[in-house]
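Architecture and fold: a report
Listed here are the chains, written in short residue letters.
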Amino acid sequence: MRKNFGAKTWVYPMPVLIVAAYGKDGVPCCMNAAWGGIYDTDQIMVCLADDHKTTRNILESGAFTVSVADAKHVVQADYVGIVSGNRVPDKMVRAGLTWE
Ligand SMILES: Cc1cc2nc3c(=O)[nH]c(=O)nc-3n(C[C@H](O)[C@H](O)[C@H](O)COP(=O)(O)O)c2cc1C
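Conventions we followed
Residues numbered from 1 in each chain as written. Predicted model: local features only at pLDDT ≥ 70, side-chain atom pairs only at ≥ 80, totals over all residues. Helix = DSSP H or I, 4+ residues; strand = E, 2+ residues; numbered from the N terminus. Contact = placed C-beta atoms within 7 Å. Core = buried A, V, L, I, M, F, W, Y, C linked by C-beta atoms within 7 Å. Buried ≥ 20, exposed ≤ 12 C-beta atoms within 10 Å, placed from the backbone. Near = placed C-beta within 6 Å. Nonpolar A, V, L, I, M, F, W, Y, C, P; charged D, E, K, R; others polar. Pairing = 2+ DSSP bridges.

All right, on to the overall build of the chain then. Counting secondary structure elements, the chain contains three helices and five strands. Secondary structure elements of the chain, listed N to C terminal, follow the sequence β-β-β-β-α-β-α-α. Across its three principal axes, the chain shows a C-alpha extent of roughly 55 × 30 × 25 Å. Restricting to contacts in the chain with at least 6 residues of sequence separation, those with at least 24 account for 51%.

This is the structure:
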């Protein structure tokens, strides 16, 4: 049976991108982003809400990283997607993540 859902931005599975950026204080933050992917042969895109701590860090620093979470890190990936650095400044430490 066919069903017409109209024009939707549905492409599954969606990725589990982990976007990270340092704050002005040198403290890193990261978040889970499913709204992202390939944009062009030399570009990716991510769609980030402006109230996230990570988004603010990116706008202030002009730099960020994008990683792809794997099954081994599902707990950490989940944590950084539901807890905000706005409320938990040491979020990455609490997530058990390290950075360099
Ligand atoms: C599976 C999943 C996917 C998400 N995808 C996005 C996304 O694409 N864009 C976005 O702005 N927020 C997305 N979020 C929400 C942020 O990851 C979440 O609000 C996070 O706590 C923001 O952290 P921060 O304030 O420390 O930067 C997603 C959350 C989950 C659990």
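Turning our attention to the nonpolar core. Counting residues in hydrophobic clusters, the biggest one holds 13 residues, and the most contacted among them are Ile18, Val19, Ala20, Cys29, Cys30, Met31 and Val80. At the level of secondary structure, the elements contributing two or more residues to this core comprise strand E1 (17–22), strand E2 (28–33) and helix H2 (74–82). The element best represented in this core is E1, accounting for five residues.

In this section: the site of the ligand. Among the 20 residues in the neighbourhood of the ligand, the closest are listed as Trp35, Thr54, Gly81, Ser84 and Gly85. Secondary-structure elements contributing two or more residues to the shell around the ligand are E2, helix H1 (53–61) and H2. For the shell around the ligand, the element with the most residues is E2, which contributes four residues. Looking at the shell around the ligand residue by residue, the class counts come to 10 nonpolar, eight polar and two charged.

Turning next to the environment of lysine 8. Locating lysine 8 in the fold gives a position in the segment before E1. Each C-alpha atom of the pair lysine 8 and histidine 52 lies 25 Å from the other, and the pair is 44 residues apart in sequence.

Looking now at the pairing of strand E3 (residues 36–40). For E3, the buried fraction is low: zero of the five residues fall into the buried class. In this sheet, strand E4 (residues 43–46) lies alongside E3 in antiparallel orientation, the contact comprising four bridges. Bridge assignment links isoleucine 38 to a residue of E4, and that residue is isoleucine 44. Counting the residues between successive antiparallel strands, the hairpin from E3 to E4 contains two residues.

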